[in-house]
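What follows is each chain in one-letter form.
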Amino acid sequence: MSDDCIFCSIVAGEIPARTVYETDAVLAFLDANPLSPGHTLVIPKAHERRVADLDAALASDLFDAVATLTPAAQDAVDADAANVGINDGEAAGQEVPHVHVHVVPRFEGDGGAPIHAVAGQRPDLSDTELDSIADDVAAAVGE
Ligand code: AMP
Ligand code: ZN
């Protein structure tokens, strides 16, 4: 637990939240400033800042909960679809430094955008550059 983390305070019961799901390792609650009805945050109870900080067991528990909650949140508000995403790091828009998965129910014609809209202008990468990037990522995974 981190003393100055709002999500740790929710886990500890020190501030209220609209909890919708809980296991030993994971908690899910409604986002206080929802992007759509049913917008849910799924978090590890342990204070982990970034995706890279999750060990395999916790990552598995977290994604299990996401797989359970995505259809549940969608069905609860009669949505047609959902976006599932993580802002991992400040440059990607992470404001609360405790890993959280956004589950955002979506509706036909709601005027929103796909997750492809999150980045800036698309890069124009050559085949050579793509090959090189693929090699670099594969090497990084192997580290
Ligand atoms: P992010 O930009 O990915 O860090 O998103 C943080 C999310 O946490 C935002 O969507 C906020 O609306 C939400 N949030 C912040 N404080 C609370 C809170 N006390 N209860 C529920 N959701 C919160
Ligand atoms: Zn925390």
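Before any of the text, the structure's been laid out above.
Residues numbered from 1 in each chain as written. Chains lettered and ligands numbered in written order. Predicted model: local features only at pLDDT ≥ 70, side-chain atom pairs only at ≥ 80, totals over all residues. Heavy atoms only, no water.

Trainee: Residues and numbers for the sheet that holds strand β1 (residues 19-22), please.
Mentor: Two modes of strand pairing occur in sheets, parallel and antiparallel, and in both the strands are linked by backbone hydrogen bonds. As summarised here, the arrangement of the 5 strands in space is β1-β2-β3-β5-β4, forming an open sheet in which the pairing is antiparallel. Each edge of the open sheet carries a strand with a single partner, namely β1 and β4 (81-85). Direction aside, neighbouring strands of the sheet carry axes that sit 20° apart on average. Sitting on the sheet, helix α2 (residues 56-76) touches β1, β2 (26-30), β3 (40-44), β4 and β5 (101-106), and the angle it makes with β3 is about 165°. (Pairing = 2+ DSSP bridges. Helix = DSSP H or I, 4+ residues; strand = E, 2+ residues; numbered from the N terminus. Axes fitted to C-alpha atoms, helices over the stretch in contact; angles between N-to-C directions. Contact = heavy atoms within 4.5 Å.)

Trainee: How would you summarise the packing of aromatic side chains if you had to cite specific residues and measurements?
Mentor: Tallying each qualifying case throughout the model produces 1 aromatic pair. Aromatic side chains Phe 7 and Phe 29 sit 5.4 Å apart centroid to centroid with 75° between the ring planes, which places their arrangement in the edge-to-face category. Note that Phe 7 is positioned in helix α1 (residues 6-11) and Phe 29 in strand β2, a separation of 22 residues in sequence. According to the relative accessible area criterion, Phe 7 is buried, its value standing at 7%. (Phe/Tyr/Trp six-rings, centres within 6.5 Å; stacked < 30°, edge-to-face > 60°. Buried < 20%, exposed > 50% of the residue type's maximum accessible area, 1.4 Å probe, protein only.)

Trainee: Please provide a residue-by-residue account of α2, values included.
Mentor: Between its first and last C-alpha atoms α2 spans 30 Å; for 21 residues at 1.5 Å apiece the expected length is 30 Å, and the two agree. Along α2, the sharpest kink reaches roughly 25°, centred on Leu 69 and followed within four residues by the proline Pro 71. Three or more residues of α2 are buried, namely Leu 58, Leu 62, Ala 65, Val 66, Leu 69, Thr 70, Ala 73 and Gln 74. In this structure, the buried residues of α2 make contact with β1, β2, β3, β4 and β5. One or two positions beyond α2, positive phi appears at Asp 78, with a value near 55°. (Expected span 1.5 Å × (residues − 1). Bend = angle between axes of the 7 residues up to and from the residue.)

Trainee: Run through the site of ligand 1, naming residues and quoting values.
Mentor: Lining the immediate environment of ligand 1, one finds 16 residues, of which Asp 31, Gly 93, Glu 95, His 100 and His 102 sit closest. At 2.7 Å from an oxygen atom of ligand 1 is found a main-chain nitrogen or oxygen belonging to Glu 95. A distance of 2.7 Å separates an oxygen atom of ligand 1 from a polar atom in the side chain of His 100. For ligand 1, the protein covers 82% of the area, taking 510 Å² as the surface of the free molecule. Elements represented by at least two residues in the shell around ligand 1 include exactly α1 and β2. Considering each element in turn, the shell around ligand 1 owes the most residues, 3 residues, to α1. Here the shell around ligand 1 is composed, by residue class, of 8 nonpolar, 6 polar and 2 charged. (Near = heavy atom within 4 Å. Polar contact = N/O pair within 3.5 Å; in protein donor to acceptor, adjacent residues only side chain to side chain. Areas by Shrake-Rupley, 256 points an atom, 1.4 Å probe, with all protein chains shown as cover. Nonpolar A, V, L, I, M, F, W, Y, C, P; charged D, E, K, R; others polar.)

Trainee: Give me a negative patch on the surface: which residues, what numbers.
Mentor: On the surface, Asp 24, Asp 55, Asp 61 and Asp 64 cluster together into a negatively charged patch. Inspection of the secondary structure puts Asp 55 in the loop between β3 and α2. (Patch = residues over 30% accessible without salt bridge, like charges linked within 9 Å, V, L, I, M, F, W, Y side chains within 5 Å. Salt bridge = Lys/Arg side-chain N within 4 Å of Asp/Glu carboxyl O. Lys, Arg positive; Asp, Glu negative; His and termini not counted. Charge placed at Lys NZ, Arg CZ, Asp CG, Glu CD.)

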